[in-house]
Amino acid sequence: MNESFYVVNTEAFKELPEVKFDILFSPTAGYSAETCVDKLDFDGEVIFYDYVTQNLNIKKQIVNMNMTMFEIISYARHTSWPIVYNDDIRHKERLTSYGTLEEQRKMQEKMINNCEIDYWLMDLINPDYNKLSEKVKGKMVLFDTSNIFSYHMSHGNYTLNELVNSYDKLFEALRLSKQCWI
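Here the structure is a predicted model, which is why all the values come from computation and not from measurement.

Enquirer: I tried to follow helix α1 (residues 32-40) on my own but got confused; where do I start?
Expert: Counting along an α-helix, one turn takes 3.6 residues, and residues three or four places apart therefore face a common direction. The buried fraction of α1 amounts to 7 of the 9 residues, a majority that puts the element mostly inside the structure. If you check which residues of α1 are buried, you get S32, A33, E34, T35, C36, V37 and L40. Count one or two residues on from α1 and you reach D41, which has phi positive near 50°.

Shown next as structure tokens:
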């Protein structure tokens, strides 16, 4: 497998605080949760979320089987739901900030072995705020919103006021946590 082939995260990996978190929320796309688990030596609960059931099912299959990129590509050929990956070298810095394909797979294995993993069907712009508040209540939380609020598809489906109001409501729901890093 060519090492210039990467699963796309749409933004570079960002620096993390040196805090012991209890729970990590992450979108299903890419390997941001796996990278956070590795960098933080995290052993708590990981919740993958997506607003599309098929994306959750695909992520669950990839995680449960700890698939290599070759296996993901093979899996993609046999599923009716598209799996998007990219080898665009112009984005190499952003793409490699998560590590090589093999490093990402090893981080995923570490997550599988050390964390409780759950999958939530959740539209982050219109989540079940009560469920979210209950889950984070009194806990140290790392919440990866990725680029969901700034994503062009979000802008195409929601007004700026709707997005701002949703973001504010998300902050309110997360206030029940002991501390939350977004």
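Enquirer: Just to check I follow, could you spell out the packing of aromatic side chains for this structure?
Expert: How two aromatic rings sit relative to each other is set out by the distance from centre to centre and by the angle between their planes. What the rule picks out here adds up to 5 aromatic pairs. Taken together, a centroid distance of 5.4 Å and an interplanar angle of 75° make the contact between F25 and W120 edge-to-face. With a gap of 95 residues between them, F25 in strand β1 (residues 23-27) and W120 in strand β3 (residues 116-121) connect regions that are remote in the sequence. Taking the relative accessible area as the measure of exposure, F25 reaches 0% and is therefore buried. Counting every residue linked through ring pairs, the aromatic cluster contains F25, Y49, W120 and F143. Looking at K59, its charged tip hangs above the ring of Y31, at a distance of 5.0 Å from the centre. Lying over the aromatic face of W120, K131 brings its terminal NZ or CZ to 4.2 Å of the ring centre.

Conventions used here
- Residues numbered from 1 in each chain as written.
- Predicted model: local features only at pLDDT ≥ 70, side-chain atom pairs only at ≥ 80, totals over all residues.
- Heavy atoms only, no water.
- Buried < 20%, exposed > 50% of the residue type's maximum accessible area, 1.4 Å probe, protein only.
- Helix = DSSP H or I, 4+ residues; strand = E, 2+ residues; numbered from the N terminus.
- Phe/Tyr/Trp six-rings, centres within 6.5 Å; stacked < 30°, edge-to-face > 60°.
- Lys NZ or Arg CZ within 6 Å of the ring centre and 35° of its normal.

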